[in-house]
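Structure assessment
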Amino acid sequence: MNELDLVIVGGCGHVGLPLALSLAECGYRVGINDIDEQKIQGVRSGQVPFRETGADALLTKLLPTGRLELSSDPAMLRRTRTVILVIGTPIDEFMNPSVRIFERVLDELTPHIQNGSLVILRSTVFPGTSETV
């Protein structure tokens, strides 16, 4: 397996897929990791699972290049040193962002992340959340 420049976790969503398409268009080899196998299959077949102007054409252009790789298997993270977490931020009963989901996701992903990797949390959270989690 070839190395990937980066992997976007939650990569078939409204934030992750446009980011993946933009980076792949710039020439990066992008891994798209998502737990939703149905969305992965749709994107793999050229269908964007939401409305985003220009995304369908860009996806169609990029799929044959090999710069996009899709998987629900977190082992994909072993092939990169840059991981971007793009997962929804739930709110608690006081309308504050809850970091529990990030803790759970990182517990699942940590065995697959290489030591020394850059992990970017791209979400609406308080400053310092990445360091805390």
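Reading the values: rules and limits
Residues numbered from 1 in each chain as written. Predicted model: local features only at pLDDT ≥ 70, side-chain atom pairs only at ≥ 80, totals over all residues. Heavy atoms only, no water. Helix = DSSP H or I, 4+ residues; strand = E, 2+ residues; numbered from the N terminus. Polar contact = N/O pair within 3.5 Å; in protein donor to acceptor, adjacent residues only side chain to side chain. Contact = heavy atoms within 4.5 Å. pLDDT = per-residue confidence, 0-100. Axes fitted to C-alpha atoms, helices over the stretch in contact; angles between N-to-C directions. Parallel < 35°, antiparallel > 145°, perpendicular 65-115°, else oblique. Left-handed = near helix turned anticlockwise from the far one by under 90°. Nonpolar A, V, L, I, M, F, W, Y, C, P; charged D, E, K, R; others polar. Pairing = 2+ DSSP bridges. Buried < 20%, exposed > 50% of the residue type's maximum accessible area, 1.4 Å probe, protein only. Arc of directions from axis to C-beta. Salt bridge = Lys/Arg side-chain N within 4 Å of Asp/Glu carboxyl O.

Okay, the side chain of histidine 112 next. Along the chain, histidine 112 turns up in the loop between α4 (100-109) and β5 (118-121). Within polar-contact distance, the side chain of histidine 112 engages the side chain of arginine 78 at 3.1 Å. Sequence-distant contacts of histidine 112, defined by excluding residues within four places in its chain, comprise Pro74, Ala75, Leu77 and Arg78.

Here the focus is the confidence of the model for the protein. Of the residues in the protein, 92% have a pLDDT of 70 or more, and the chain-wide mean is 90. Mean pLDDT per element in the protein: helix α5 (residues 129-132) is the minimum at 67, and strand β2 (residues 30-33) is the maximum at 98.

The next thing to look at is the environment of valine 43. By the secondary structure assignment, valine 43 is in helix α2 (residues 37-44). Sequence separation between valine 43 and valine 15 is 28 residues, and the spatial gap between their C-alpha atoms is 14 Å. When neighbours within four sequence positions are excluded, valine 43 is seen to be in contact with Cys12, Leu17, Pro49, Leu59, Leu63 and Leu70.

To continue, consider the packing of helix α1 (residues 16-25) against helix α3 (residues 55-62). For the pair α1 and α3, interaxial distance at closest approach is 10 Å and the crossing angle is 50°. As judged from the angle between their axes, α1 and α3 are oblique. With respect to the hand of their crossing, α1 and α3 are arranged in left-handed fashion. Packed against α1, whose contacting residues are Leu21, Ala24 and Glu25, the element α3 presents Ala55, Leu58, Leu59, Lys61 and Leu62 at the interface. The residue inventory of the contact of α1 with α3, partitioned by class, reads six nonpolar, no polar and two charged.

This brings us to the sheet that holds strand β3 (residues 68-71). Taken in spatial order, the five strands make up an open sheet running β3-β2-β1-β4-β5, and their pairing is parallel. On the outer flanks of this sheet lie β3 and β5, each paired with one strand and no other. Between one strand axis and the next, the sheet turns through 20° on average, direction left out of account. Bridge analysis of β2 against β3 gives four bridges, and the strand direction is parallel. Along β3, the bridge assignment pairs glycine 31 with glutamate 69.

The subject of this paragraph is α2. Because each turn of an α-helix spans 3.6 residues, side chains separated by three or four positions in sequence point in the same direction. Taken together, the buried positions of α2 are Ile40, Gly42 and Val43. Along the axis of α2, the buried positions cluster into a sector of 165°, meaning they face one direction only. Contacts from the buried residues of α2 go to α1, α3 and β3. Glycine 46 sits one or two residues past α2 and shows a positive phi near 95°.

Evaluation of the coordinates by the stated rule reveals three salt bridges. Arginine 29 is paired through a salt bridge with glutamate 69; the nearest N and O atoms lie 3.7 Å apart. Of this pair, arginine 29 sits in the loop between α1 and β2 while glutamate 69 sits in strand β3; the two residues are 40 residues apart in sequence, bridging distant segments of the chain. The partly exposed category is assigned to arginine 29, whose relative accessible area is 23%. You can call glutamate 69 partly exposed: its relative accessible area is 21%.

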